[in-house]
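The primary structure of each chain is shown beneath.
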Protein chains: 2
Amino acid sequence: MRSLAAHPAARGLNDDCAVLEVDGEALVLTHDMMAEGTHYLPGANMADVAWKLVAVNLSDLAAKGAQPLGVLLGHMLGDGDERFIEGLRQVLHEYDVPLLGGDTIAAHGPRAFGLTAIGRATHRPVPARSGAKPGDVIHLCGRIGEAMLGFEALRDSTGADSSAFRRPRPLLDEGQALAPHAHAMMDVSDGLLLDARRMAIASTCTFALDSAAIAAIAPPGRLDDAMRWGDDYALLLTAVPDASLPIATQMIGRVLPKGDSPLLLDGTPPRDGARLGYEHRFP
Amino acid sequence: MRSLAAHPAARGLNDDCAVLEVDGEALVLTHDMMAEGTHYLPGANMADVAWKLVAVNLSDLAAKGAQPLGVLLGHMLGDGDERFIEGLRQVLHEYDVPLLGGDTIAAHGPRAFGLTAIGRATHRPVPARSGAKPGDVIHLCGRIGEAMLGFEALRDSTGADSSAFRRPRPLLDEGQALAPHAHAMMDVSDGLLLDARRMAIASTCTFALDSAAIAAIAPPGRLDDAMRWGDDYALLLTAVPDASLPIATQMIGRVLPKGDSPLLLDGTPPRDGARLGYEHRFP
């Protein structure tokens, strides 16, 4: 497995955001890259690419209950830069986030972009994916499967709304409202089953999910696909059973003491070999 | 000119570092990208690529008198990753900087890397390239032309020392010591003449440089090339004439009120059309 994260020097890569303590303030930092051919197809509207690049990083801040302070952009020049800038302007305006700086380079071949977002935690301790405790209720804020429907609408040219795929909305207000109540929180970027499994492993617990509850926030008839699709940027969190959350969420399961499997769906581990979500790895 | 910086939404890109005020603390942020075929050649030792990627960003912090707090890496997987990680480990250890996080992606075609460095200003106001004042003396901390010699040693396989090109050293201690005395400061990443011109323009002044003084810190017989070569990461600064600097520097000129040309070399503007340094643009 060619994963840098296995190397001690690279520990922390692809994990949660970084939390940096500076004079009593907790800064939250995250960096994501997007590459042509991997994260978007050649010919994509570059305004959507810019929006998504910013939105996925802001979603990481949302999962920490952080308020964005700004972003830095790494930009490889190429076709559609006018549209890219337009999409960048739109998303920064929408979420009132300044572009602090960055770098522009000329290069050849498929393009890559990087974005760093920095925010300020609004609640301490800052929620991590490792904080779930046995007995907690598992909540999801937001829906799943919407990005999948948007992707299919684009792929099949149905004319149906594709904005959930093209222009995901980071749940910044929701994350800040939920942070004081969350034992653990993360955004569901790679698929609900995969990310729930990651949170369970990070918390040394077992997550027992209830598919009937999840079905209520998934497209009718598409539950199985929706649980394995990423790009939705819903917030997955756990809280004590009697928590009075200030935001409507769906209760989708319970946290159990660590068992044989980190993840149970209706009482049994998801089928062996079933793809749980999007893995950032080579096959 | 396909420069994003011309667009209002992208103002600040490719400029100085960003300075972010958070609760009385001045955070300094910078982001640079490096791409195969543009910033390094296919076949380069990836340990050197990793070192340089970190070092050039730390040099940006040095020019602000900032103490590094950490870095985030955007990494595209590929050949030589073991070496890349080794070089990353070395440079982070050398400068005692933690890897806070980042992203690893798989993509096709030439590789690109991004690095964000965050630091804490050790002196306020944080020196900017726009702070030079008429009457100031222009100083250079460090030498120029060493990276050029290193590049030539590699290109011509002479066996001479190429470390100045492969593994530049950010002047972090020097930057922190000089910051309280500097009206303006920046690192010379793209060539002394080009960067001096940029500082003069940002400060609305004219910089009058003295080639005899510069010759003392350039390789013998190579002054003209050395003033136009980048990658040296010396610190260019201006200070009042009677400043008592805590670090040895070379006095290379004077700041004049804004004249017809932002840059004079021995009293005359550098030849029209002469390449002053490395411009981050398409031809």
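Remember, predicted model here, so these are calculated numbers, not experimental data. (Residues numbered from 1 in each chain as written. Chains lettered and ligands numbered in written order. Predicted model: local features only at pLDDT ≥ 70, side-chain atom pairs only at ≥ 80, totals over all residues.)

## Re the overall build of chain A
Thought 1: On a plain count of helices and strands, chain A comes out with eight helices and eleven strands.
Thought 2: On C-alpha atoms alone, chain A measures out to a radius of gyration of 19 Å, which is about the 19 Å that the 2.2 N^0.38 rule sets for 283 residues.
Thought 3: Along the first, second and third principal axes, the C-alpha set of chain A runs to 50 × 50 × 40 Å.
Thought 4: Here chain A holds 283 residues, and 54% of them are scored as buried. (Helix = DSSP H or I, 4+ residues; strand = E, 2+ residues; numbered from the N terminus. Rg over C-alpha atoms; globule rule 2.2 N^0.38 Å. Buried ≥ 20, exposed ≤ 12 C-beta atoms within 10 Å, placed from the backbone.)

## Remarks on the pairing of strand β2 (residues 25-35) of chain B
One face of the sheet, then the other: side chains in a regular strand alternate in exactly this way.
All names here are of chain B.
Thought 1: Burial of β2 is extensive: nine of the eleven residues sit out of reach of the surface.
Thought 2: Pairing of strand β1 (residues 18-22) with β2 involves five bridges; the strand directions are antiparallel. Bridge pairing in β2 places A18 opposite L29.
Thought 3: Counting the residues in the hairpin turn of β1 and β2 gives two residues, including D23, whose phi is positive at 50°.
Thought 4: Strand direction decides the pairing type here: β2 and strand β5 (residues 112-121), joined by nine bridges, are antiparallel. From the neighbouring strand, A35 faces β5, where its bridge partner is A112. (Pairing = 2+ DSSP bridges.)

## Some remarks on the sheet that holds strand β8 (residues 205-209) of chain B
All names here are of chain B.
Thought 1: Strand order in the open sheet made by the six strands is β7-β9-β6-β10-β8-β11, with mixed pairing throughout. Each of the sheet's edge strands pairs with one partner strand only, and the pair in question is β7 (184-188) and β11 (263-265). Neighbour to neighbour, the strand axes of the sheet diverge by 25° on average, direction disregarded.
Thought 2: Sheet topology places β7 next to strand β9 (residues 234-239); five bridges connect them, and they run antiparallel. Across the sheet, residue V188 finds its bridge partner in β9, namely A234.
Thought 3: Relative to the sheet, helix α6 (residues 192-203) contacts β7, β8, β9 and β11, its axis offset from that of β8 by approximately 150°. (Axes fitted to C-alpha atoms, helices over the stretch in contact; angles between N-to-C directions. Contact = placed C-beta atoms within 7 Å.)

## So, unusual backbone geometry
Most peptide bonds are trans, and most residues other than glycine sit at a negative phi.
Thought 1: At the junction of R124 of chain A and P125 of chain A, the peptide bond is cis and its omega measures out at -10° in the coordinates.
Thought 2: Looking at the element boundaries, P125 of chain A is found in the loop between β5 (112-121) and β6 (137-141).
Thought 3: At Y233 of chain B, a position not held by glycine, the phi torsion is positive, near 60°.
Thought 4: Summarising the element assignment, Y233 of chain B is placed in the loop between α8 (223-228) and β9.

## Describing the domain arrangement of chain A
When the parts of a complex come together, some accessible area is lost, and that lost area is often taken as the interface size.
All names here are of chain A.
Thought 1: For chain A, the domain assignment lists domain 1 (4-121) and domain 2 (137-265).
Thought 2: Inter-centroid distance (C-alpha atoms) of domain 1 to domain 2 is 22 Å.
Thought 3: It is helix α1 (residues 46-62) that contributes the most residues to the side of domain 1 that touches domain 2, ten residues altogether.
Thought 4: The class makeup of the residues in the side of domain 1 that touches domain 2 is eight nonpolar, three polar and four charged. (Domains from an automatic or database assignment. Nonpolar A, V, L, I, M, F, W, Y, C, P; charged D, E, K, R; others polar.)

## Describing the environment of L264 of chain B
Residue and element names in this part refer to chain B.
Thought 1: By the element assignment, L264 lies in strand β11.
Thought 2: Using a count of 21 C-beta atoms within 10 Å as the deciding quantity, one classes L264 as buried.
Thought 3: Separated by 125 residues in sequence, L264 and H139 place their C-alpha atoms 15 Å apart.
Thought 4: When sequence neighbours within four positions are dropped, the list of residues in contact with L264 reads T206, A208, L209 and P269.

## Details of the confidence of the model for chain A
Residues and elements named next belong to chain A.
Thought 1: On average, residues of chain A score 90 in pLDDT, and 91% of them are at 70 or above.
Thought 2: Taken as a whole, residues 1-12 scores under 50 in pLDDT and shows 29 contacts with residues more than four places along the chain or in a different chain.
Thought 3: For this predicted complex, the interface score ipTM comes out at 0.84, alongside a pTM of 0.88. (pLDDT = per-residue confidence, 0-100.)

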